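The residues making up each chain are set out below.
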Amino acid sequence: MQQPNEAGLGAPAPRAFLDDRFLLRNGTAVRLFEQYAKDAPIVDFHCHIPPADIATDRRFATITELWLGGDHYKWRALRGDGVPEACITGSASDREKFHHWAAAMPRLIGNPLHHWTHLELRRYFGITDVLGPDTEDAIWTECNRQLADAGFSARNLIRRSNVKALCTTDDPTDTLEHHLALAADPSFDVKVLPTFRPDRALYLERPGFVEWIAKLAAASGRPVASLADLALALDARLDFFAEAGCRLSDHSLEPVVYEPATTEQADAALRCVLAGGMPDAAAVRQYRTWLMVWLGRQYARRGWTMQLHMLAQRNNNRRMFRALGPDTGFDTMGDDGLTAPLARLLDDMDDVGELPRTILYSLNGRDLDALGALAGCFQGGGMAGRIQLGAAWWFNDTRDGMERHLRTLGNLGVFGRFIGMLTDSRSLISYPRHEYFRRILCNLLGEWVEAGEVPDDEALLGGIVADLCHRNAEAYLGLE
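This report concerns the structure included in the present document.

## Some thoughts on the packing of aromatic side chains
- Under the definition given, this model contains 18 aromatic pairs.
- Judged by centre distance (6.2 Å) and plane angle (85°), the rings of W116 and Y436 are edge-to-face. Taken as a pair, W116 in helix 6 (residues 112-125) and Y436 in helix 19 (residues 432-450) lie far apart in primary sequence, 320 residues in all.
- Under the relative-accessibility criterion, Y436 is labelled buried at 2%.
- Plain terms: the ring middles of F196 and Y299 are 6.5 Å apart, the flat faces sit at 70° to each other, and that makes the pair edge-to-face. With a gap of 103 residues between them, F196 in strand 4 (residues 195-196) and Y299 in helix 14 (residues 281-302) connect regions that are remote in the sequence.
- Residue classification places F196 among the buried residues on the basis of a relative accessible area of 0%.

Structure (C-alpha cells):
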C-alpha cells in the first residue's frame, strides 16, 4: 500500500530538485541518458566564445565576470525583474550585479535560465544549494574561491565539459591569429575552428559598410572598387579560413530577400555605395541576392556547410541601442515572409549543382513546419541530412521549444540524421545546455517507447541518441 506523504495524502512526495532523473520521466529515458548521452562528447559547432579567451587560457576574477558578462539572456531577465541598467551592464560592482541575479532567481521559475543556472552551479562548482537571497553570500564566496584554481581557466573549463570541437564566429577580415596559435599548440587537443560570417559584406545599406570594405581590402591585399574586386577579395579570405580549418559559414538574414539580379546590376549597386551614394531598395535586394548566391556556391565548392539564421528582428529599442550597441538583449522574433524568398535562394544554388550542406534556423518557432517541409525539397545527391532543420535557437532554446523541434523532425524529416545541439553562447560554462537537450531527447524517445509508438530496442535507440549527441555532427562537418 502506498504510504502517505507528510501532508497526509496518498500522492507520492515531490521529487528532489534537479535529481538524477531531472526531465527523465520514465525508465527507458533514464537508461538511454545514463548509457548513451550523459558522457558523450560535445561538438559545439556554433558558439560565440571569443577565441582569444581560449588561446590566452583566460582566468576569471569573479563568478560575475564568468557568468553574467556578455550574457544577454540573463540581462533581459534582470531588466524584466526591475533591476537598474547600472547593475546589469553598467558601473555597479561585480558583487552588486551578482546580488541582483541571486535576488531574481526565485522569480525565474519556469524560465530555462532557472534550470541552467543551477545545472552550472552543480556541474562546475559542486554547489547543490538553490540560489537566492538566503544563499547568495555563501555561493558568491565559494564560487570565487574555486575560480582561483587553475582548473577554472578557459581551456580547463572546455576540457571539463568534454568538448571535442567548437566553432567560433568570425568576420572575414579577422587575422585568425588565435585559431592559428591554438592549432600549433600540442598542449590543447580540442579543435577550435573558425566560422566564416560575412554579414558585413551583404548589407551595403548599413552604416560602416564602406569602412568595412576598406578593412577587407587590407586583409586580402586586394583593392575593392567593383563587384569583381569584392569577389576576389572574399575568395582570398575564404581560402585563408579554409587553411585555418574552417568548415562552416554563418549568415544572419534580416530579412531573407530574393531579387534576381545580373552581375551588372549588383555591380552598379556596390559602386554607387562606394562612391558615397545609396541605391534604391530594389537594387539593395539585388546586390544581396547576387552575393548570397555567389557565396553559397563558393561554400559548395569547398565542401563547407552554410548556416542561415533567420527572423531575428534586431535592435528594437533605439535608446538602448544608442547606449549599449547591438547584441545586448533588445532583439526579438521577426515575422517576415520566409519560405518564398528562401526557396528561391536555395534553388538558384541547387540549379547549377552548387547548393552546399545547409542548416536552417528560424527564431520564430511558428516556422518550424514550413522549414522542415522546405528542407525536404533540397535533400538528395546521396548526402545524408544534406539540409538540416537547425536546433531550437535562442528564444526557442527551452524545454517546450526543443520538444517541438524534435517532434517536427520526426514528423517531416529523418529524425536519426539530425546533427544535434549547440550553445550559441559566449559563456564557457553554458555546456549544460547540451545536457538539457540530451535529457529532453531521451525523455521523448522514452515516452514513445512507453506508448508503444517506437520499438523497445535499446541498441537502436541508443545508437540514435549517440548520433544526435555527437556522431552526426562529426560526420556532417568532417570532424571524425
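So, next bit.
## Describing the pattern of salt bridges
- Following the criterion strictly, the structure yields 29 salt bridges and no others.
- We note a salt bridge from K74 to D71, for which the minimum N-O separation is 2.7 Å.
- Here D199 and R197 are joined by a salt bridge, their closest N and O atoms 2.8 Å apart.
- Overall, D199 belongs to the buried group, its relative accessible area being 12%.
- Shared partners join several salt bridges into a network, and the residues in it are D53, R58 and E65.

## Here's the deal with the side chain of K74
- Among the secondary structure elements, K74 is positioned in helix 4 (residues 72-80).
- Only 3.3 Å separates the side chain of K74 from the backbone oxygen of W67, close enough to count as a polar contact.
- Ignoring sequence-local partners within four residues, the contact set of K74 consists of W67, L68, W101, L113 and E120.

## Description of unusual backbone geometry
- The peptide bond linking E254 to P255 adopts the cis configuration, its omega dihedral lying at -5°.
- The phi dihedral of W394 is positive, around 60°, even though this residue is not glycine.
- If you check the backbone angles, D424 has positive phi at about 50° while not being a glycine.
- With respect to the element layout, D424 can be found in the loop between helix 18 (399-412) and helix 19.
- Looking at D424, the relative accessible area reads 12%, which means it is buried.

## Quick word on the side chain of N26
- Take N26: it is sitting in the segment before helix 1 (27-37).
- In terms of polar contacts, N26 uses its side chain to reach the backbone amide nitrogen of T28, at 3.3 Å.
- In this structure N26 touches R21, N443, G446, E447 and E450, once residues within four positions along its chain are discounted.

## Digging into the sheet that holds strand 1 (residues 42-44)
- Ordered by their spatial adjacency, three strands build an open sheet running 1-2-3, and the pairing between neighbours is parallel. Taken across any chain shown, the strands that pair with only one partner, and hence form the sheet edges, are strand 1 and strand 3 (191-193). In this sheet, adjacent strand axes meet at a mean angle of 5° when their direction is disregarded.

## With respect to the pairing of strand 6 (residues 305-310)
- The element strand 6 is largely enclosed, with a buried count of six among its six residues.
- Residues T305, Q307 and H309 line one face of strand 6 and the alternating positions M306, L308 and M310 line the opposite face, and both faces are buried.
- One ladder, built from six bridges, connects strand 5 (residues 248-253) with strand 6; its direction is parallel. Each residue of the ladder has a partner; that of H251, found in strand 6, is L308.
- Two strands pair when backbone bridges link them, and strand 6 and strand 9 (residues 357-362) are joined in this way by six bridges, in the parallel orientation. Among the inter-strand pairings, L308 is bridged to a residue of strand 9, identified as L360.

## Some words on the nonpolar core
- Grouped together as the largest cluster of nonpolar side chains are 155 residues, with contacts concentrated most on W101, F125, L230, L234 and L291.
- Here this core gets ten residues from one element, more than from any other, and that element is helix 14.
- Sequence-distant contacts of F125, defined by excluding residues within four places in its chain, comprise I63, L66, E120, C143, Q146, L147, F152 and I429.

## Describing the packing of helix 11 (residues 209-220) against helix 13 (residues 263-274)
- Viewed as axis vectors pointing N to C, helix 11 and helix 13 meet at an angle of 100°, and their least axial separation amounts to 9 Å. When the axis of helix 11 is compared with that of helix 13, the two are roughly perpendicular. Here F209, V210 and I213 of helix 11 come into contact with helix 13, specifically with L270, V273 and L274.
- Grouping the amino acids of the contact of helix 11 with helix 13 by side-chain chemistry returns six nonpolar, no polar and no charged.

## Looking at the sheet that holds strand 4
- Taken in spatial order, the five strands line up as 4-5-6-9-10 in an open sheet, and their pairing is parallel. Whereas interior strands pair on both sides, the edge strands pair on one side only; in this sheet they are strand 4 and strand 10 (387-389).
- Set on the sheet, helix 16 (residues 339-351) makes contact with strand 6 and strand 9; between it and strand 6 the angle comes to about 165°.

## As for the packing of helix 19 against helix 20 (residues 458-477)
- Put simply, helix 19 and helix 20 touch, their axes get as near as 11 Å, and they point 155° apart. When the axis of helix 19 is compared with that of helix 20, the two are roughly antiparallel. In the packing of helix 19 onto helix 20, the handedness of the crossing is right-handed. On helix 20, the residues touching F437, R438, L441, C442, L445 and V449 of helix 19 are L461, V465, L468 and C469.

Conventions used here
- Residues numbered from 1 in each chain as written.
- Predicted model: local features only at pLDDT ≥ 70, side-chain atom pairs only at ≥ 80, totals over all residues.
- Heavy atoms only, no water.
- Phe/Tyr/Trp six-rings, centres within 6.5 Å; stacked < 30°, edge-to-face > 60°.
- Helix = DSSP H or I, 4+ residues; strand = E, 2+ residues; numbered from the N terminus.
- Buried < 20%, exposed > 50% of the residue type's maximum accessible area, 1.4 Å probe, protein only.
- Salt bridge = Lys/Arg side-chain N within 4 Å of Asp/Glu carboxyl O.
- Polar contact = N/O pair within 3.5 Å; in protein donor to acceptor, adjacent residues only side chain to side chain.
- Contact = heavy atoms within 4.5 Å.
- Pairing = 2+ DSSP bridges.
- Axes fitted to C-alpha atoms, helices over the stretch in contact; angles between N-to-C directions.
- Core = buried A, V, L, I, M, F, W, Y, C linked by side-chain atoms within 4.5 Å.
- Parallel < 35°, antiparallel > 145°, perpendicular 65-115°, else oblique.
- Nonpolar A, V, L, I, M, F, W, Y, C, P; charged D, E, K, R; others polar.
- Left-handed = near helix turned anticlockwise from the far one by under 90°.

Take it as geometry only, folks, not as evidence of what the structure does.
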